[in-house]
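Results of the structural survey
Chain by chain, the residues:
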Amino acid sequence: MPNILEIRDLQVHYGGIEAVKGISLDVPEGQIVTLIGANGAGKSSTLRAIAGLVKPSAGKITFRDEDITGKDSNVIVSRGITLVPEGRRIFPDMTVLENLKIGAYLRKDDLTEDLNWVFDLFPRLRERSWQAGGTLSGGEQQMLAVGRALMSRPKVIMMDEPSLGLAPIIVKGIFDIIKEINRQGVTVLLIEQNANMALKTADRGYVMETGRITLEGTGEELLSNEAVKAAYLGT
């Protein structure tokens, strides 16, 4: 399966701090790929560099054979890559519908079909379409953040800790939606604190430690790896 996204020797600095230390990874088209690791490992910085929110200090990011390294975030979105940020970052005073439309800010065409797609994925959002985003529950806000990202019609959706702070039953629902989004043709690059759930969902996974990739393999291989079990799965 060809890679839709390739990272080669990526480095990200914040002042004198090197957050990402020359990592390389592949995201095959149509798959779910996860990055797991402790807080501060460099996972979010990797996604932010791909999304154009921070400029890499070295390395190359390729999307469908196009070099997108260091391009502005609006260019990245226009190419077909969106980010669901950690903490959701919805607009609390705007309605659900207004939040969703902001996800399509680069589009000039009719949004009806895509709004219906998002509402079919998240019926709760349809019920609450005129409700202010800030009045939604944590799980509903996460649904809204994912729905907003889908409104740009991405080829790749990147998710930063989608289960953070959510009850276990809500987490299962979020992962079911991630699998459904992927089944409908969207490639997923996922950062997730719940390593067990992430690796069970992902086709492929990478382990990041202090800015470097230390392990890689299929989700199944990493689930059975003794080092991964000890460090991330509590077994």
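In case you missed it, the structure is sitting above this.
Residues numbered from 1 in each chain as written. Predicted model: local features only at pLDDT ≥ 70, side-chain atom pairs only at ≥ 80, totals over all residues. Heavy atoms only, no water.

Running from amino to carboxyl end, helix H6 (residues 138-150) crosses helix H7 (residues 168-183) at an angle of 15°, the nearest separation of the two axes being 10 Å. When the axes of H6 and H7 are compared, the pair comes out roughly parallel. Taken as a pair, H6 and H7 cross one another with a handedness that is right-handed. Along its contact with H6, which presents Gly139, Gln142, Met143, Val146 and Leu150, the element H7 presents Ile170, Ile174 and Ile181. For the contact of H6 with H7, the residue count by class is six nonpolar, two polar and no charged. (Axes fitted to C-alpha atoms, helices over the stretch in contact; angles between N-to-C directions. Helix = DSSP H or I, 4+ residues; strand = E, 2+ residues; numbered from the N terminus. Parallel < 35°, antiparallel > 145°, perpendicular 65-115°, else oblique. Left-handed = near helix turned anticlockwise from the far one by under 90°. Contact = heavy atoms within 4.5 Å. Nonpolar A, V, L, I, M, F, W, Y, C, P; charged D, E, K, R; others polar.)

This part covers the pattern of salt bridges. With the rule as written, the count across this model stands at 16 salt bridges. Between Glu6 and Arg8 there is a salt bridge, with the nearest N and O atoms lying 3.9 Å from each other. Among the residues examined, Arg8 registers a relative accessible area of 33% and is labelled partly exposed. The partner of Asp120 in a salt bridge is Arg126, with the nearest N and O atoms 2.9 Å apart. On the accessibility criterion, Arg126 (38% relative accessible area) is partly exposed. (Salt bridge = Lys/Arg side-chain N within 4 Å of Asp/Glu carboxyl O. Buried < 20%, exposed > 50% of the residue type's maximum accessible area, 1.4 Å probe, protein only.)

Two or three places before Ala227, at the opening of helix H10 (residues 226-233), Asn225 has a side-chain oxygen 2.9 Å from that residue's backbone nitrogen. At the C-terminal side of H10, Gly234 shows a positive phi close to 70°. (Polar contact = N/O pair within 3.5 Å; in protein donor to acceptor, adjacent residues only side chain to side chain.)

Here the focus is the sheet that holds strand E3 (residues 32-36). Strand order in the open sheet made by the six strands is E6-E7-E8-E3-E9-E10, with mixed pairing throughout. Two strands in the sheet have a free side with no partner beyond their single neighbour: strand E6 (81-84) and strand E10 (212-218). Geometrically, the sheet is characterised by an average inter-axis angle of 15° between neighbouring strands, direction not taken into account. With four bridges connecting them, E6 and strand E7 (residues 156-160) associate as parallel partners. Considered in E7, the bridge of Thr82 is made with Ile157. Sitting on the sheet, H6 touches E6 and E7, and the angle it makes with E6 is about 170°. (Pairing = 2+ DSSP bridges.)

Once that is clear, we can look at unusual backbone geometry. Of note in the backbone geometry, Arg64 takes a positive phi value of approximately 50° without being a glycine. Looking at the element boundaries, Arg64 is found in the loop between strand E4 (58-63) and strand E5 (66-67). A relative accessible area of 42% means that Arg64 is categorised as partly exposed.

Moving on: the environment of Leu47. Within the secondary structure, Leu47 sits in helix H1 (residues 43-50). Since its relative accessible area comes to 1%, Leu47 is described here as buried. Between the alpha carbons of Leu47 and Leu190 there is a distance of 9.1 Å; along the sequence they are 143 residues apart. Setting aside anything within four residues of it in sequence, one finds Leu47 in contact with Leu83, Met158, Met159, Asp160, Leu189 and Ile191.

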